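# Structural overview for review
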Amino acid sequence: MSDTPELVSDLLDGQHRALARAITNIENRTEGYRDLVAALHEHTGHADVIGITGSPGAGKSTLVDKLAKSYRDQGLTVGIIAVDPSSPFSGGAVLGDRIRMGSNVGDMDVFFRSMSARGNLGGLSTATSDAVKALDAFGKDKIIIETVGAGQNEIDIVKTADTVAVLVPPSSGDDVQMLKAGILEIGDVFVVNKADLAGADKTFQELRGMLELRDDEEGDWEPEIVETVANTGEGVDELIDVFQSHADWLDETGAREDVERDRYAEEIRTLLRNDASALVEDEIERRGGMDDLVSRVVERETDPYTVADDVLEPLRDCLDE
Amino acid sequence: MSESSQRKIRCLVAKVGLDGHDRGAHVIARAFRDAGFEVIYSGLHQSPDDIVQAAVQEDVDVLGISILSGAHNTLVPKVVEGLKEYGAFEDTLILVGGIIPDDDRPELEDAGVDAIFGPGTPMEETIQFIRENTPER
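Definitions and cut-offs
Residues numbered from 1 in each chain as written. Chains lettered and ligands numbered in written order. Predicted model: local features only at pLDDT ≥ 70, side-chain atom pairs only at ≥ 80, totals over all residues. Helix = DSSP H or I, 4+ residues; strand = E, 2+ residues; numbered from the N terminus. Buried ≥ 20, exposed ≤ 12 C-beta atoms within 10 Å, placed from the backbone. Contact = placed C-beta atoms within 7 Å. Rg over C-alpha atoms; globule rule 2.2 N^0.38 Å. Domains from an automatic or database assignment. Core = buried A, V, L, I, M, F, W, Y, C linked by C-beta atoms within 7 Å. Nonpolar A, V, L, I, M, F, W, Y, C, P; charged D, E, K, R; others polar. Pairing = 2+ DSSP bridges. Axes fitted to C-alpha atoms, helices over the stretch in contact; angles between N-to-C directions. Parallel < 35°, antiparallel > 145°, perpendicular 65-115°, else oblique. Left-handed = near helix turned anticlockwise from the far one by under 90°. Expected span 1.5 Å × (residues − 1).

The next thing to look at is the overall build of chain A. When helices and strands are tallied, chain A shows 13 helices and eight strands. Here the C-alpha coordinates of chain A stretch approximately 70 × 50 × 45 Å along the principal axes. A total of 321 residues make up chain A; the buried ones form 41% of that total. In chain A, the proportion of contacts linking residues at least 24 apart, taken out of those at least 6 apart, comes to 73%.

Here we come to the overall build of chain B. In terms of helices and strands, chain B carries five helices and five strands. Reading chain B from its N terminus to its C terminus gives the helix and strand order β-α-β-α-β-α-β-α-β-α. Taking 2.2 N^0.38 as the reference for a compact globule, 137 residues should give roughly 14 Å; the C-alpha atoms of chain B span a radius of gyration of 14 Å, in line with that estimate. Each of the three principal axes of chain B carries a C-alpha extent, and together these read 45 × 35 × 25 Å.

For chain A, the assigned domains are domain 1 (1–43), domain 2 (45–252) and domain 3 (263–320). Inter-centroid distance (C-alpha atoms) of domain 1 of chain A to domain 3 of chain A is 32 Å.

Bringing the nonpolar core into the picture now. One finds Ile 80, Ala 134, Ile 144 and Val 191 of chain A together with Val 39 and Ala 55 of chain B to be the most contacted residues of the largest nonpolar core, which totals 109 residues. Split by domain, the residues of this core number at least three in each of domain 1 (1–43) and domain 2 (45–252) of chain A. Those residues in contact with Ala 55 of chain B that lie beyond four places of it in its chain are Leu 12, Val 60, Leu 63, Leu 83, Ala 88 and Thr 92 of chain B.

Glancing now at the interface of chain B and chain A. At the interface, 31 residues of chain B touch 29 residues of chain A. Ranked by residue count, the leading element in the side of chain B that touches chain A is helix 2 (residues 48–58) of chain B, at seven residues. The residue makeup of the side of chain B that touches chain A, split by class, is 11 nonpolar, 10 polar and 10 charged. Sheet topology places strand 3 (residues 93–95) of chain A next to strand 2 (residues 38–41) of chain B; three bridges connect them, and they run parallel. Directly across from Val 94 of chain A, in strand 2 of chain B, lies its bridge partner Val 39 of chain B.

The six strands lie next to each other as 3(A)-2(B)-1(B)-3(B)-4(B)-5(B), forming an open sheet whose pairing is parallel. Unpaired on one side and paired on the other, strand 3 of chain A together with strand 5 (115–117) of chain B mark the two borders of the sheet. Strand-to-strand, the axes of this sheet are offset by a mean angle of 20°, without reference to chain direction. Strand direction decides the pairing type here: strand 1 (residues 10–15) of chain B and strand 2 of chain B, joined by four bridges, are parallel. Each bridged residue has a counterpart across the sheet, and for Leu 12 of chain B the counterpart in strand 2 of chain B is Ile 40 of chain B. Here helix 3 (residues 72–85) of chain B sits on the sheet and contacts strand 3 (62–67) and strand 4 (93–98) of chain B; the angle it forms with strand 3 of chain B, its principal contact strand, is near 160°.

Before going further, it helps to examine unusual backbone geometry. All names here are of chain A. A positive phi angle, near 55°, is found at Arg 29, a position not held by glycine. In this structure Arg 29 comes out as partly exposed when scored by C-beta crowding, with 17 C-beta atoms within 10 Å. Within the chain, Lys 194 stands out as a residue other than glycine whose phi angle is a positive 60°. Note on placement: Lys 194 falls in the loop between strand 7 (189–192) and helix 9 (200–212).

Quick look at the environment of Gly 118 of chain B now. Locating Gly 118 of chain B in the fold gives a position in the loop between strand 5 and helix 5 (123–133). Along the backbone, Gly 118 of chain B and Pro 101 of chain B are 17 residues apart, and their C-alpha atoms lie at a distance of 9.1 Å.

Residues and elements named next belong to chain B. Interaxial distance between helix 2 and helix 3 falls to 9 Å at its minimum, and their mutual angle equals 40°. When the axes of helix 2 and helix 3 are compared, the pair comes out oblique. You can see that helix 2 and helix 3 cross each other, and the crossing is right-handed. Contacts from Pro 48, Asp 49, Ile 51, Val 52 and Ala 55 of helix 2 reach helix 3 at Leu 75, Lys 78, Val 79, Gly 82 and Leu 83. Broken down by class, the residue content of the contact of helix 2 with helix 3 amounts to seven nonpolar, one polar and two charged.

Right, let's get into the environment of Thr 24 of chain A. Its location among the elements puts Thr 24 of chain A in helix 2 (residues 16–28). On the basis of neighbour count, Thr 24 of chain A is assigned to the buried category, with 23 C-beta atoms found within 10 Å.

Within an α-helix, residues lying three or four positions from one another point in the same direction, as the helix has 3.6 residues per turn. All names here are of chain A. A large share of helix 5 (residues 128–138) lies buried, amounting to 11 of its 11 residues. Among all positions of helix 5, only Thr 128, Ser 129, Asp 130, Ala 131, Val 132, Lys 133, Ala 134, Leu 135, Asp 136, Ala 137 and Phe 138 are buried. Immediately beyond the C-terminal end of helix 5, within one or two residues, lies Gly 139, with a positive phi of roughly 110°.

Here we take up the sheet that holds strand 6 (residues 163–167) of chain A. Residue and element names in this part refer to chain A. Taken together, the seven strands give an open sheet; going across it, the order is 4-2-5-1-6-7-8, and neighbouring strands pair in parallel fashion. Either end of the sheet is taken by a strand with one partner, and the two such strands are strand 4 (110–116) and strand 8 (224–227). Put simply, the sheet's adjacent strands are angled 20° from each other on average, direction ignored. As paired elements, strand 1 (residues 48–54) and strand 6 share five bridges and run parallel to each other. Paired with Gly 51 across the two strands is Val 164, which belongs to strand 6.

Residue and element names in this part refer to chain B. Tracing the backbone shows Arg 137 in the segment after helix 5. Look at Arg 137 and you get partly exposed, because 15 C-beta atoms sit within 10 Å. Remark: the alpha-carbon pair of Arg 137 and Thr 92, spanning 45 residues in sequence, is separated by 9.8 Å.

Taking 1.5 Å per residue, 17 residues should reach 24 Å; helix 13 (residues 304–320) of chain A reaches 23 Å between its end C-alpha atoms and fits that length. Little of helix 13 of chain A sits out of view: just zero of its 17 residues are buried.

Here is the structure:
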């Protein structure tokens, strides 16, 4: 199954095993994964990508489970990627989000994949956006991404999802917590989950107060706040309606196209940076390795700027031609 | 495997059937994590089909089934059948942990189980077995 063209055709053919293996190859950076993602690209662009973020224990997994169930009841297919943190010590991870998927066990049309962040700190793994492409090409109608539970800095999700929901559990700190950068800016929808608990109303009010102060321009999407009880499914249909109106807004205003263009520009830049720096590493090796260069700098034979110029010289020459 | 590949061993630690004792599964999950594996825990009371769904979607290298109820002769072959149906049997290492009487071992091994680890097995032995026997992909 390591043969890329075959994997692509099996995936497009709807084989779950091929989709699973494609995501594994993407995660592991297995040889050929770039060709794989490249081949999938033309088949993408049909799914709605929804990101769910929020602090640990906010109820993300439980809410994702209920969202998936509701979409399935509408006859839609669902792909889910749930990211959990990896251990900074062993590199291992316990990926526990699957336990909450009680409403969808046994339903193969909900494709649930647990993913380790593999040391990445933005709330997603570097492989997440490529894995989303695999689910999209497979033909999933809705793709839900659940980030690592943290909640003050998980902004990678904005770059990957069309619609971002931020979960705010009741009594999760005063309004100063919400003033902190990150969370307030990234949400298209704010979800006060566990709305049956004491303090939910207060959290709702504080959130509304904060969002009114958001520096929005005319024509911007006005973030909505929805109350849910993910355990019982209360408010989930309303949340789905809000997701839909955000999706409609993206289409009607042309914002979707802008977002998409920005996203691809960012993706191309990231790839170029990584590939270019790999080329530079090769060139450093050709010149005897970093240790050698450093020694010469330490001995005052040369300096870092000159080294950088020298290493890049062949590249620059190529570009000038 | 290419040099730049960043493969991690992925394991599904699965509780199947009606037994509700998962302390052992938790300890195993944690030890696997500390060994650098990526561990997906299924949660309690899963049916064989649920386990198959999880193993296929998560594309795990290792499926560790914990059974303390005595129903292993019924449940394990169903899981194996399901994996075969999705073409996932060949390259998945299947382990069984729990209380398995010696008389039942040959039957499970015939069904496709790669190893059985009873109570008291040192964690290091299980981890070593996984490192040495995880199928190449």
